[in-house]
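Structural features, examined
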Amino acid sequence: MIDLQDIKTKLSLSTDIAIIAHRNPDGDALGSSIGLQLFLERINHQVKVVMPSDHPDTFHFLPRVDDIIVFDQEHDRAREALSKAKIIFCLDFNGLDRVDKLGITINESKAFKIMIDHHIDPEPFVDYAISDSGASSTCEMVYDFITDLGYNHLIDPILGECLMTGIITDTGSFKYNTNPHVYAIAGELKAKGVDDYMLNDQIYNTMTEKQLRLLGHCLSERFEVIPQYQAGIVAITKEDFKKFDIKRGDTEGIVNYILMMRGINVAAFIREQPTIVKLSLRSKGDISVQEITRNHFNGGGHKNASGGAAYAKLEDVVSRFKKVLPKYVKPLHSA
Ligand code: 5GP
Ligand code: MN
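Residues numbered from 1 in each chain as written. Chains lettered and ligands numbered in written order. Predicted model: local features only at pLDDT ≥ 70, side-chain atom pairs only at ≥ 80, totals over all residues. Heavy atoms only, no water.

**Quick notes on the sheet that holds strand β3 (residues 69-70)**
An order of β3-β2-β1-β4-β5-β6 is seen for the six strands of this open sheet, with the pairing classed as parallel. Edge positions in the sheet fall to β3 and β6 (128-131), since each of these pairs with one other strand and no more. As judged from the five bridges shared by strand β4 (residues 87-91) and strand β5 (residues 112-117), these two strands associate in the parallel manner. Opposite Phe89, over in β5, you have Ile114 as the bridge partner. The sheet contacts of helix α5 (residues 138-148) involve β4, β5 and β6, and relative to β5 the element is tilted by about 120°. (Pairing = 2+ DSSP bridges. Helix = DSSP H or I, 4+ residues; strand = E, 2+ residues; numbered from the N terminus. Contact = heavy atoms within 4.5 Å. Axes fitted to C-alpha atoms, helices over the stretch in contact; angles between N-to-C directions.)

This is the structure in structure tokens:
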């Protein structure tokens, strides 16, 4: 059995390391990857961060974000970084389908693979897995990883701000997914000088006019309420994508507005893309949207936040979602 002490030994000699996170990286994927990169560089490793696709503009404030190798844009550099690596860290994902074609490269690599992740149902593609679906975020787990290895003193405000970013985004600024430990970590990070006000401002108060108008359009023109199943759906079309010139990251967070309505406990944000229809689901309490995406939309995630996709027409995906709802949500006023 490999334990953390073995990992510490592996990390005691300078080596080439690659860090990979999931496609369409969010604050947690980016913050945990860059935070871990800064740490590993501080203990003398050569580190490359590789992601399947580019990040939203919102996160341009993160240090080193422009050094990330984006597989979509630089196939060869990404493959080279992975083939050179002796250790590969897989952060914030637990299934190879989350990293597109990089999954093949990971599978073929002879590197020692370490997963740090907090999604449900990890797949066994790594040599050492730190998997905890009770953790708020991968950033929380990276904080513990660094601390458990005995290097907490290397977490300075810059590294700490990367980790706090993922904690803030994956908990919606401590509104969900919390646990006593993550509050303790947030306190320690703040005591180290992390500027959480700056981070919240950068993350939440940097929408563009286009994004706000798109949000307005979604809520006024595309919002459907299904009171019996405490559900709300926003479905946007290819034409909406064109009209609002929607780019990566522009639709981030829209799904959360649906849950703001009184009586709504399940939210679906469904978008029609050129060849695929994608879903982002959110829920409150015991309703597991992870099961809905896993069973019906080829996806997964967390109990209260999950995603998936289907090769079908937008209206068919919306009707499939409505059809399966009764299996997961008790109707109101039932006998
Ligand atoms: P979002 O709706 O913000 O894209 O994703 C919500 C959560 O579901 C995230 O934790 C994300 O990792 C997970 N998720 C999103 N899309 C997929 C998918 O296609 N497959 C799986 N397994 N998880 C997904
Ligand atoms: Mn995460």
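Here the narrative resumes, following the displayed structure.
**Re the domain arrangement of the chain**
Assigned domains within the chain: domain 1 (4-204) and domain 2 (209-327). Once you take the C-alpha centre of each, domain 1 and domain 2 turn out to be 27 Å apart. In this assembly, twelve residues from domain 1 lie in contact with nine residues from domain 2. When residues of domain 1 are sorted by the area they lose upon contact with domain 2, Pro56, His119 and Ile120 head the list and together hold 40% of the total. Our count for the contact surface shared by domain 1 and domain 2 stands at one salt bridge. Residue Arg294 is joined to Asp121 by a salt bridge in which the shortest nitrogen-to-oxygen separation is 3.5 Å. (Domains from an automatic or database assignment. Buried area = accessible area lost by both parts, 1.4 Å probe. Salt bridge = Lys/Arg side-chain N within 4 Å of Asp/Glu carboxyl O.)

**Some remarks on the packing of helix α12 (residues 289-296) against helix α13 (residues 314-328)**
In contact at an axis separation of 11 Å, α12 and α13 are set at 130° when each is read in the N-to-C sense. Of the possible angle classes, the one that applies to α12 and α13 is oblique. Crossing handedness for the pair α12 and α13: right-handed. Contacts from Glu291, Ile292, Asn295 and His296 of α12 reach α13 at Arg320, Phe321, Val324, Lys327 and Tyr328. Class assignment of the residues belonging to the contact of α12 with α13 gives a composition of four nonpolar, two polar and three charged. (Parallel < 35°, antiparallel > 145°, perpendicular 65-115°, else oblique. Left-handed = near helix turned anticlockwise from the far one by under 90°. Nonpolar A, V, L, I, M, F, W, Y, C, P; charged D, E, K, R; others polar.)

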